[in-house]
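The lines below spell out each chain.
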Amino acid sequence: MPNVVVVGAQWGDEGKGKIVDLLTEHADVVVRFQGGNNAGHTLVVNGEKTVLHLIPAGILHPGKSCVIGNGVVFDPEVFVMEVDRLKSRNALADDAQLVVSLDAHVIMPWHKAIDIAREQAMGAGKIGTTGRGIGPTYEDKVARRGLRIRDLLDAGRLERKVKERLPAAREELRRLGATPDLDEAAIVARYAELGRRVARYAADVSLWLHRALQNGKQLLFEGAQGTMLDVDHGTYPFVTSSNTVAGNAVVGCGLGPTAVDYVLGISKAYSTRVGGGPYPSELKDETGERLRKIGGEFGATTGRPRRTGWLDVLALRYAARVNGLHGIAMTKLDVLTGFDTVKIAVGYRVDGKVLDEMPSDPELLERAEAIYEELPGWSEKLDHLRSWDDLPPRARTYVKRVEELVGVPVVGLSVGADRGQTILLVNPFRA
Ligand code: GDP
Ligand code: IMO
Ligand code: MG
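Residues numbered from 1 in each chain as written. Chains lettered and ligands numbered in written order. Predicted model: local features only at pLDDT ≥ 70, side-chain atom pairs only at ≥ 80, totals over all residues. Heavy atoms only, no water.

Peer 1: Honestly, the overall build of the protein chain in this entry has me stumped. Any pointers?
Peer 2: For the protein chain, the count of helices and strands is 13 helices and 20 strands. Seen through its C-alpha atoms, the protein chain measures out along the principal axes to roughly 65 × 50 × 35 Å. Considering the protein chain as a whole, with its 431 residues, one finds that 58% of them fall into the buried category. Considering only contacts within the protein chain whose residues lie at least 6 apart along the sequence, 76% involve residues at least 24 apart. With the model as given, the accessible surface of the protein chain reaches about 17,500 Å², and the carbon-plus-sulfur share is 49%. Across the protein chain, the 55 positively charged side chains and the 56 negatively charged ones have centroids separated by 2 Å. (Helix = DSSP H or I, 4+ residues; strand = E, 2+ residues; numbered from the N terminus. Buried < 20%, exposed > 50% of the residue type's maximum accessible area, 1.4 Å probe, protein only. Contact = heavy atoms within 4.5 Å. Areas by Shrake-Rupley, 256 points an atom, 1.4 Å probe, with all protein chains shown as cover. Lys, Arg positive; Asp, Glu negative; His and termini not counted. Charge placed at Lys NZ, Arg CZ, Asp CG, Glu CD.)

This is the structure:
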């Protein structure tokens with residue numbers, strides 16, 4: 001019974017939400033294992049759009065379970081808002097569909113305030129975080145002073161932990177030049193109330209998933225962010241604060257590596273990045289503007305315009321290596337329609353040398369200039385096509401060339417935002 005991991009193979013926003021929603025049909029359980037509401041995963045079903053930040057992208061399928069693992073940083077305000085919004089749209093009719101780990105760390109008000117204040121204090125060198133408190137919450141987790149969901153469920157423990165943490169948080173905010181607006185009694189009351197709302201979903205996720213596996217259920221792991229934003233393997237320090245790679249899927253929910261059978265990387269047919277950091281194939285010209293416009297490249301979480309560029313094969317080959325990709329689903333191929341030529345970055349020129357693999361020192365990337373291979377473009381619209389054979393020959397040549405350069409098969413193509421606008425060549429659950 002295969003279990004499948006879906007991860008972003010680039011800088012995030014590859015279309016993971018769409019692909020996870022699509023593949024949920026073949027799974028029983030969808031699991032988020034890292035990140036938090038820095039994610040923005042967009043699903044479009046019959047023209048109706050849903051953006052999820054925290055709840056797994058399988059939630060629109062009645063009868064399928066959605067699990068938030070211990071590796072996620074959990075903002076209960078956002079969770080409650082998403083639950084209410086889904087219910088108001090007649091989704092999530094059965095609360096048993098949703099399971100949240102008691103061990104997930106909680107994003108508290110000071111984490112958000114510190115995230116924002118730090119970015120402001122950094123000025124030009126800032127990371128460009130989403131301001132959701134992700135980094136400060138993971139920091140407290142690793143420093144062994146965080147609050148977990150189980151702490152919200154016990155009034156005494158919640159009060160003691162808030163009391164313990166507040167003075168240092170206030171001090172840090174003052175040091176950063178921010179005015180801390182953190183009222184202890186109000187925070188304790190609000191988070192106790194949120195704890196009561198979350199309680200019905202909270203469980204020992206490791207045990208829950210173990211039993212699901214014993215009962216022959218198929219799991220679909222939903223990564224957030226992307227490989228190049230991984231805290232170890234991404235373009236450090238311009239990264240998020242969690243491991244986004246496939247290896248973390250099982251750590252972030254309490255299973256072992258033997259639970260994973262297939263790793264699917266998601267990549268756009270070109271590339272985008274939000275926030276700061278090196279990006280050798282970035283286009284700062286009219287072509288980049290055109291990709292942004294046609295691709296609708298504005299962040300699903302912060303609304304920021306995404307930086308755009310051609311596809312980077314070095315980044316994809318690197319993603320294939322650090323995730324152990326079995327296959328790639330290429331999204332937004334439709335966006336490339338109408339370009340006279342399409343380019344693929346196949347090397348970097350750095351300090352007079354040519355590199356054909358991602359350098360391990362991301363500082364080199366700051367000075368890297370992409371070397372391109374150029375292919376003829378196509379003018380046919382793709383959004384109504386549903387089979388490989390119907391694709392224009394030049395679009396097929398492009399996909400095949402990428403496959404050849406990366407060394408991983410392209411097993412799915414997406415030609416529009418809607419669930420139906422997909423050409424699945426290999427079903428990872430049957431591979
Ligand atoms: P995620 O974070 O990886 O889930 O991706 P986002 O939802 O942040 O961004 C992907 C955007 O592209 C969303 O607006 C999707 O609706 C849209 N999208 C996904 N696949 C396609 C596609 O094949 N074609 C087009 N035109 N849009 C797509
Ligand atoms: P999804 O799951 C794209 C980026 C931010 C910033 C860096 C650190 O939708 O693909 P953080 O708030 O995590 O501390 O910000 O990471 N970032 C994302 N970029 N997609 C995302 O998620 C992202 N989540 C974080 O823009 O550069
Ligand atoms: Mg996104």
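Back to the text.
Peer 1: Please clarify how the pairing of strand 2 (residues 29–32) should be interpreted in this entry.
Peer 2: Looking down a regular strand, the side chains alternate between one sheet face and the other. Neither face of strand 2 is open: one carries Val-29 and Val-31, the other Val-30 and Arg-32, and all of them are buried. Bridge count for strand 2 against strand 5 (residues 65–68) is 4 bridges, and the pairing is parallel. Note that in strand 5 the partner of Val-31 across the bridge is Val-67. (Pairing = 2+ DSSP bridges.)

Peer 1: Help me understand the site of ligand 2 in this model?
Peer 2: Close to ligand 2 lie 20 residues; Asp-13, Lys-16, His-41, Thr-130 and Thr-240 are nearest. Residue His-41 places a side-chain N or O atom 2.7 Å away from an oxygen atom belonging to ligand 2. One nitrogen or oxygen atom from the main chain of Gln-225 is found 2.8 Å from an oxygen atom belonging to ligand 2. The protein chains hide 98% of the 550 Å² of surface that ligand 2 would expose on its own. Residue classes in the shell around ligand 2 are distributed as 7 nonpolar, 10 polar and 3 charged. (Near = heavy atom within 4 Å. Polar contact = N/O pair within 3.5 Å; in protein donor to acceptor, adjacent residues only side chain to side chain. Nonpolar A, V, L, I, M, F, W, Y, C, P; charged D, E, K, R; others polar.)

Peer 1: Explanation requested: the domain arrangement of the protein chain in the structure shown.
Peer 2: The accessible area lost on association of the parts is a frequent measure of interface size. If you check the domain split of the protein chain, you get domain 1 (4–101 + 201–262), domain 2 (105–197) and domain 3 (267–424). Listed by partner, the interface residues are 5 residues for domain 2 and 5 residues for domain 3. Counting the surface lost from both domain 2 and domain 3, the interface buries some 330 Å², and carbon and sulfur atoms represent 43% of this. The three residues of domain 2 that bury the most area against domain 3 are Gly-128, Thr-130 and Arg-132, which together make up 75% of that side's buried surface. On the surface where domain 2 and domain 3 come into contact, there are 0 salt bridges. Summed over the shared surface of domain 2 and domain 3, the number is 3 residue pairs in polar contact (both at pLDDT 80 or more). Split into classes, the residues belonging to the side of domain 2 that touches domain 3 amount to 1 nonpolar, 3 polar and 1 charged. (Domains from an automatic or database assignment. Buried area = accessible area lost by both parts, 1.4 Å probe. Salt bridge = Lys/Arg side-chain N within 4 Å of Asp/Glu carboxyl O.)

Peer 1: Sorry, what's going on with the site of ligand 1 here?
Peer 2: The local shell around ligand 1 holds 18 residues, among which Lys-16, Gly-40, Thr-42, Asp-334 and Ser-414 are the closest. Here an oxygen atom of ligand 1 sits 3.0 Å away from a polar atom, N or O, in the side chain of Asp-13. Backbone polar atom of Gly-40 to an oxygen atom of ligand 1: 2.8 Å apart, as the coordinates give it. Here ligand 1, which alone exposes 590 Å², has 90% of that area covered by the protein. If you list the elements that add at least two residues to the shell around ligand 1, you get helix 1 (16–23) and strand 3 (41–45). The element that contributes the greatest number of residues to the shell around ligand 1 is helix 1, accounting for 3 residues. Among the residues forming the shell around ligand 1, the class breakdown is 4 nonpolar, 7 polar and 7 charged. When residues of the shell around ligand 1 are sorted by domain, at least three fall in each of domain 1 (4–101 + 201–262) and domain 3 (267–424).

Peer 1: Please clarify how the nonpolar core should be interpreted in this entry.
Peer 2: As a rule of thumb, soluble globular proteins bury nonpolar side chains together. Of all hydrophobic cores here, the largest spans 57 residues; its most connected members are Phe-74, Phe-79, Leu-98, Trp-110, Val-162, Leu-220 and Leu-264. With 6 residues, helix 7 (residues 184–199) is the single largest residue contributor to this core. If you count residues domain by domain, this core takes at least three from each of domain 1 (4–101 + 201–262) and domain 2 (105–197). Those residues in contact with Phe-79 that lie beyond four places of it in its chain are Leu-54, Ile-55, Ile-68, Phe-74, Leu-98, Val-100, Val-198 and Tyr-201. The next biggest cluster of nonpolar side chains, apart from the first, holds 56 residues, and it includes Tyr-270, Tyr-398, Val-410 and Val-415. (Core = buried A, V, L, I, M, F, W, Y, C linked by side-chain atoms within 4.5 Å.)

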